[in-house]
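# Reading the structure
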2 protein chains.
Amino acid sequence: MRQVDFQSDDPDLLVGTDFLDDAGVYRLDDERALVQSVDFFTPVVDDPADFGAVAAANALSDIYAMGAKPLVALNLVAFPEADLPLDVLVDILRGSGEILAEAGVALMGGHSIDDREPKFGLAVTGMVHPDRIVTIGGAGPGDVLVLTKPIGVGVVTTAIKRDLAGPEIERAAVALMRELNAKAAEAMVETGVNAATDVTGFGLLGHAAEMADASGVSLQLWADEVPLLPGSRELAERGVFPGGSSSNLDYLCGKGAVTFEESIPEYMRLLLADAVTSGGLLISVPEDRSTSLLNGLHSRGTGGFPVGRVDIRRDRRAIEVIRGH
Amino acid sequence: MRQVDFQSDDPDLLVGTDFLDDAGVYRLDDERALVQSVDFFTPVVDDPADFGAVAAANALSDIYAMGAKPLVALNLVAFPEADLPLDVLVDILRGSGEILAEAGVALMGGHSIDDREPKFGLAVTGMVHPDRIVTIGGAGPGDVLVLTKPIGVGVVTTAIKRDLAGPEIERAAVALMRELNAKAAEAMVETGVNAATDVTGFGLLGHAAEMADASGVSLQLWADEVPLLPGSRELAERGVFPGGSSSNLDYLCGKGAVTFEESIPEYMRLLLADAVTSGGLLISVPEDRSTSLLNGLHSRGTGGFPVGRVDIRRDRRAIEVIRGH
């Protein structure tokens, strides 16, 4: 989509379509800027209320990733009225409403169309101080990389669709996807960090590569330290992957953006590139503040895992994956 | 959708999903409120750039209808990458970009998904003074009803699809749909009016009925005074209607919301209920300010047609359509 975006020379558009950031930012005045993002997709889980909740948490995540507070949202609904009972839609909106309520976000309205395949998502608007925007492009050499949620969502949701995952594995994945990045963002803003993004469709490697490119740095990731969803390693070893994982990995390797330590098995490489829905934040924090960030995350009951560090960029390689440090 | 919306008790949510208004309104402080709306649909015209432009003008219209100024927008894209050349999408976004530039709106980003059928629209955010919001619910007995654009869009676009309309008729319809309601909103805010809404999918009668219900009044519409797109009357006489026109009319007549003077022909009734894309504003203005509103509209080169007046509500009838006054 990047090649068809239109750029604006409006000086108040602090972050627009020509950035790799998760959301756009528009300055209202010296103290306030609007942060906006939109996301919608086809169902990722069977239960309609869970789908609505996951879609809402996922849409809100772009706002949190920029250190902003979400305020209002609009529903985006595509629904096959003739083929599915309206109760399904009611449940989707109920699930989404629960997450919006938890986030303190007011629903302002929405739009629905008749469509063959159901889709749901939200356009979300938040607010941030223009001087305290966290972007994807600020990572600096020496920073520690902290991830706030496990990965492996694509593998587990694929296993669920193929009836290969038990109820416990499914529950853990759904709980993770429903979890808001609100507290992670709070801890991040409190500490003061250099960069952040949320991990979604391009996988941990894809979003990390975007951070590296936007920041003009190289990232070293520690494969053994990356937290994994329960069951996802075993499923990955058995080759249970959505199609997107290998296309994510092929894309990154094809352009020389990622190299792996030789002993890292293929399934682990795929898992690191595995598409995530409603994933955690990947945060780049100055080393001397990394303990403070981890404490801030843990004291809020949120995950915080050091998964790598930031280096000077020497060549086109954005990411070097090693086993551990 | 109304039955599955969720209401919020947030006191800053001035206009939410439990209203019939075109957009939601959220108070930021005593002087500013966010106004937000979202709209997207499948192509209504053949030319991709025109489609993008019409979709943008249509999405912005909800903001103008509330007397607000649009500020930023997000693209919503569904596109069959495998079946259509990417140039089509480039053209859609270019057409939309032209209208956003004309409106002074900055594009903040967007989201695109692969979909069998192309769809395009925008989530738009504007700003308004909380004391100067124009809602659909303020029409008062004695008001004059002013319409700012001709109707007949559904008839003409149906004729285009069936190769029944010549290039001149098509050009006039596209030009009308591309036209922003910006100047109409400016004139309306300058004059000070009681209520407004924009005329879209429910047709003039449907949106007028919503205004009547939201305001607790009855509207008298003058069929002979309603401006029509070139060619639309002749096409309507020949029975060229989209399916939506008769369902709009049946719905309103079925619940006793509309009555017609007997001499008004069936095709005219259907035309009044004909679905519109990117239609004009229907404004309810106190009689003593109606000349000022019309002057304000005409001096800006915008249409302004007195099409009815507001009465006290006596029964379930929201609208009485007579030939003229």
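Bear in mind that the values here come from a model prediction, so they are computed numbers and not experimental data.

Another point: the overall build of chain A. Of regular secondary structure, chain A possesses ten helices and 13 strands. In terms of overall size, chain A behaves like a compact globule, its C-alpha atoms giving a radius of gyration of 19 Å where 325 residues would be expected to give roughly 20 Å. A buried classification covers 61% of the 325 residues belonging to chain A. Pairs at least 24 residues apart make up 85% of the contacts formed inside chain A by residues separated by at least 6 positions. When the accessible area of chain A is evaluated, it comes to approximately 12400 Å², of which 47% is carbon and sulfur surface. Mean positive and mean negative side-chain charge positions of chain A (26 and 49 charges, respectively) differ by 4 Å.

The operation relating chain A to chain B is a screw motion whose rotation component is 180°, with 0.0 Å of axial translation and a residual RMSD of 0.0 Å. The relationship between the two copies is best expressed as a two-fold rotation axis. For chain A, the residue whose C-alpha comes nearest the rotation axis is A123 of chain A, separated from it by 3.4 Å.

A few words now on the pattern of salt bridges. For the structure shown, the criterion picks out 28 salt bridges over all chains. Across the pair K119 of chain B and D115 of chain A runs a salt bridge whose closest N-O atoms are separated by 3.0 Å. Separated into two different chains, K119 of chain B in strand β6 (residues 119-128) and D115 of chain A in the loop between β5 (106-114) and β6 (119-128) make up a pair that spans both. The burial state of K119 of chain B is the same as that of D115 of chain A; both residues are buried. Overlapping salt bridges, with partners in common, bring together D50, D91, R94, E98 and R178 of chain A in one network.

Before going further, it helps to spend a moment on the sheet that holds strand β1 (residues 13-15) of chain B. Where strands meet in a sheet, backbone hydrogen bonds hold them as pairs that are either parallel or antiparallel. Residues and elements named next belong to chain B. Overall, mixed pairing links the six strands, which are arranged β1-β2-β3-β6-β4-β5 in an open sheet. Both edges of this open sheet fall to β1 and β5 (106-114), since each of them pairs with a single strand only. Direction aside, the axes of adjacent strands within the sheet are offset by 20° on average. Relative to strand β2 (residues 24-27), β1 runs antiparallel, the two sharing two bridges. Looking at β2, one finds that L13 is bridged to Y26.

We now examine the domain arrangement of chain A. Residues and elements named next belong to chain A. According to the domain assignment, chain A consists of domain 1 (13-128) and domain 2 (144-322). The straight-line distance from the C-alpha centre of domain 1 to that of domain 2 is 22 Å. Listed by partner, the interface residues are 21 residues for domain 1 and 22 residues for domain 2. Buried area between domain 1 and domain 2, both sides added, is near 1800 Å², and the carbon and sulfur share of it is 59%.

Residue and element names in this part refer to chain B. Across the interface, helix α1 (residues 48-65) lies against helix α4 (residues 167-178) with an axial gap of 8 Å and an inter-helix angle of 40°. One element, α1, and the other, α4, form an angle in the oblique class. The residues of α4 that touch α1, namely those facing A49, D50, A53, V54 and A57, are V174, M177 and R178.

Next up on the list: unusual backbone geometry. Residue and element names in this part refer to chain A. Here S278, not a glycine, exhibits a phi torsion of approximately 55°, which is positive. By the secondary structure assignment, S278 is in the loop between α9 (266-273) and β11 (281-285). Residue classification places S278 among the buried positions, given a relative accessible area of 1%.

With that settled, consider the side chain of D274 of chain A. Residue and element names in this part refer to chain A. The residue D274 is located in the loop between α9 and β11 in this model. Despite being buried, D274 has no salt bridge partner; R162 is the closest side chain of opposite charge, sitting 9.9 Å away. Leave out the neighbours within four places in its chain, and D274 touches G152, V153, G154, V155, G203, L204, F241, P242, S245 and N248.

Turning our attention to the packing of aromatic side chains. All names here are of chain A. Evaluated as defined, the whole model comprises four aromatic pairs over all chains. A ring pair is formed by F51 and F120, whose centres lie 6.4 Å apart and whose planes are at 75°; its orientation type is edge-to-face. With F51 in helix α1 (residues 48-65) and F120 in strand β6, the pair connects residues that are 69 residues apart, well separated along the chain. Here F120 falls in the buried class, since its relative accessible area comes to 1%. Each residue in the set F41, F51 and F120 is aromatic and connected to the rest through ring pairs, giving one cluster.

Further remarks concern α9 of chain A. Given 3.6 residues per turn, any residue in an α-helix points the same way as the ones three and four places further on. Of all eight residues in α9 of chain A, seven are buried, a share of seventy percent or more. As for α9 of chain A, its buried residues are in contact with α3 (153-161), α6 (203-215), α7 (232-237), α8 (243-254), β10 (258-260) and β13 (319-322) of chain A.

Turning our attention to α1 of chain B. Residue and element names in this part refer to chain B. With 18 residues, α1 extends 26 Å between its outermost C-alpha atoms, agreeing within 8% with the 26 Å of an ideal straight helix rising 1.5 Å per residue. With 18 of 18 residues buried, α1 lies mostly within the body of the structure. The distance from a side-chain oxygen at the start of α1 to the backbone nitrogen of A49 is 3.2 Å, and the residue carrying that oxygen is D47. Once α1 finishes, G67 follows within two positions and takes phi at roughly 75°, a positive value.

The subject of this paragraph is the interface of chain A and chain B. Much of the literature gives interface size as the accessible area that the parts lose upon coming together. At the junction of the two partners, chain A supplies 48 residues and chain B supplies 47 residues. For the pairing of chain A and chain B, the buried interface totals around 4200 Å² over both sides, and the portion due to carbon and sulfur atoms is 71%. In this structure, R32 of chain B engages D29 of chain A in a salt bridge whose closest nitrogen and oxygen atoms are separated by 2.7 Å. At the boundary of chain A and chain B, one finds ten residue pairs in polar contact (both at pLDDT 80 or more). Broken down by secondary-structure element, the contributors of at least two residues to the side of chain A that touches chain B are β1 (13-15), β2 (24-27), β3 (33-41), β4 (69-79), α2 (86-103), β5 and β6 of chain A. Here the side of chain A that touches chain B gets eight residues from one element, more than from any other, and that element is β5 of chain A. Residues of the side of chain A that touches chain B, tallied by class, amount to 26 nonpolar, 13 polar and nine charged.

What counts and what doesn't
- Residues numbered from 1 in each chain as written.
- Chains lettered and ligands numbered in written order.
- Predicted model: local features only at pLDDT ≥ 70, side-chain atom pairs only at ≥ 80, totals over all residues.
- Heavy atoms only, no water.
- Helix = DSSP H or I, 4+ residues; strand = E, 2+ residues; numbered from the N terminus.
- Rg over C-alpha atoms; globule rule 2.2 N^0.38 Å.
- Buried < 20%, exposed > 50% of the residue type's maximum accessible area, 1.4 Å probe, protein only.
- Contact = heavy atoms within 4.5 Å.
- Areas by Shrake-Rupley, 256 points an atom, 1.4 Å probe, with all protein chains shown as cover.
- Lys, Arg positive; Asp, Glu negative; His and termini not counted.
- Charge placed at Lys NZ, Arg CZ, Asp CG, Glu CD.
- Least-squares fit on C-alpha atoms with pLDDT ≥ 70 in both.
- Salt bridge = Lys/Arg side-chain N within 4 Å of Asp/Glu carboxyl O.
- Pairing = 2+ DSSP bridges.
- Axes fitted to C-alpha atoms, helices over the stretch in contact; angles between N-to-C directions.
- Domains from an automatic or database assignment.
- Buried area = accessible area lost by both parts, 1.4 Å probe.
- Parallel < 35°, antiparallel > 145°, perpendicular 65-115°, else oblique.
- Phe/Tyr/Trp six-rings, centres within 6.5 Å; stacked < 30°, edge-to-face > 60°.
- Expected span 1.5 Å × (residues − 1).
- Polar contact = N/O pair within 3.5 Å; in protein donor to acceptor, adjacent residues only side chain to side chain.
- Nonpolar A, V, L, I, M, F, W, Y, C, P; charged D, E, K, R; others polar.

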